[in-house]
Amino acid sequence: GQQVMQIPQYQHVQEGEDFTTYCNSSTTLSNIQWYKQRPGGHPVFLIQLVKSGEVKKQKRLTFQFGEAKKNSSLHITATQTTDVGTYFCAGGESNTGKLIFGQGTTLQVKP
Amino acid sequence: DTAVSQTPKYLVTQMGNDKSIKCEQNLGHDTMYWYKQDSKKFLKIMFSYNNKELIINETVPNRFSPKSPDKAHLNLHINSLELGDSAVYFCASSKPPGLAQYFGPGTRLTVL
């Protein structure tokens, strides 16, 4: 079946350093979505990318969707302690809306 | 004003019991989902309903039975609970399938 792999599983950074998480799918995706889950919280939608090669920015966060629509990345510039949490990518199936979640990358930021 | 709400927030029960989790959304969305998040934070889709019709039914034990009385509600009933059912269960909703999903606060189920 369709799989979405996400790396790294954990990342510890010093506040102010950059952070990137990568997502790879075994099949072509109709879209990719990114979610953030704070410790003890629930996943919160960040963004959806649909087009091949698409790049979107949200303040210090940059999201990319690969040309083949099989991979994606999330880059955070100059991390802050408020960025702490687990970031999930989720690949979308076009017909059912089913999302296949990656394993998540848990980000810790040392002040 | 909560968009997606779930009850209860915590559920502690004995093996073999039957329990239900309720979910309600006031966003006017057409599609609702149940996810299971295990201790390693892995999120797995279990079921999805679109306008009260089952559209996603993953390979979960048939002890799990969803029910959608209307578009705004999706409940999950679990029979004969097992230790391995311990997890956080999230309800979510989206306008049509495929768009952004809005998650509820989760129900932490502990089976003793």
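Cut-offs applied
Residues numbered from 1 in each chain as written. Chains lettered and ligands numbered in written order. Predicted model: local features only at pLDDT ≥ 70, side-chain atom pairs only at ≥ 80, totals over all residues. Heavy atoms only, no water. Helix = DSSP H or I, 4+ residues; strand = E, 2+ residues; numbered from the N terminus. Rg over C-alpha atoms; globule rule 2.2 N^0.38 Å. Buried < 20%, exposed > 50% of the residue type's maximum accessible area, 1.4 Å probe, protein only. Disulfide = S-S within 2.5 Å. Core = buried A, V, L, I, M, F, W, Y, C linked by side-chain atoms within 4.5 Å. Contact = heavy atoms within 4.5 Å. 1 Å grid on protein atoms, 1.4 Å probe; cavity = no way out; pocket = protein on both sides within 12 Å on 5 of 7 lines; lining within 4 Å. Points joined across faces, edges and corners; volume = space filled by probe spheres on them. Nonpolar A, V, L, I, M, F, W, Y, C, P; charged D, E, K, R; others polar.

Draft legend 1. The arrangement of the overall build of chain A in detail. Within chain A one finds zero helices and 11 strands. Over its C-alpha trace chain A gives a radius of gyration of 13 Å, about what one expects of a compact globule, namely 13 Å for 111 residues. Taking the principal axes of its C-alpha atoms as reference, chain A extends roughly 45 × 25 × 20 Å. Classification of the 111 residues of chain A by burial places 50% in the buried group.

Draft legend 2. Local environment of the state of the cysteines. Applying the stated criterion across every chain yields a total of two disulfides over all chains. The disulfide partner of Cys23 of chain A is Cys89 of chain A, and the S-S distance across this bridge is 1.9 Å. Between Cys23 of chain A and Cys89 of chain A, the S-S dihedral sits near 75 degrees, and the bridge is therefore right-handed. You can see Cys23 of chain A sitting in strand 3 (residues 19-25) and its partner Cys89 of chain A sitting in strand 9 (residues 85-92), a full 66 residues away along the chain. In this model Cys23 of chain B forms its disulfide with Cys91 of chain B; the gap between the sulfur atoms is 1.9 Å. In this structure the cystine formed by Cys23 of chain B and Cys91 of chain B twists about its S-S bond by roughly -75 degrees; its chirality is therefore left-handed.

Draft legend 3. Seen up close, the nonpolar core. Ranked by size, the top nonpolar core spans 21 residues in total, and within it Ile32, Trp34 and Phe63 of chain A carry the most contacts. At the level of elements, strand 3, strand 4 (31-37), strand 5 (44-49), strand 7 (61-65), strand 8 (71-76), strand 9 and strand 11 (105-110) of chain A are the ones that each hand at least two residues to this core. Ile32 of chain A has contacts with Cys23, Ile47, Gln48, Leu49, Phe65, Ser72, Cys89, Ala90 and Gly91 of chain A, leaving out every residue within four places of it along the chain. Met32, Tyr49, Ile78 and Tyr89 of chain B belong to the second largest nonpolar core, which has 19 residues in total.

Draft legend 4. Quick peek at the side chain of Gln37 of chain B. Position of Gln37 of chain B among the secondary structure elements: in strand 4 (residues 31-37). Not counting chain neighbours up to four residues away, the residues in contact with Gln37 of chain B comprise Gln37 and Phe88 of chain A together with Phe42, Leu43, Ala87, Val88 and Phe90 of chain B.

Draft legend 5. Fine view of the layout of surface pockets. Roughly 390 Å³ of volume is contained in the largest pocket. Taken together, 21 residues line the largest pocket, and the ones lying closest to its centre are Gly40 and Gly41 of chain A together with Gln37, Val88 and Arg108 of chain B. Of all the secondary-structure elements, those providing two or more residues to the lining of the largest pocket are strand 9 (87-94) and strand 11 (107-111) of chain B. Of the residues assigned to the lining of the largest pocket, the class counts are seven nonpolar, nine polar and five charged.

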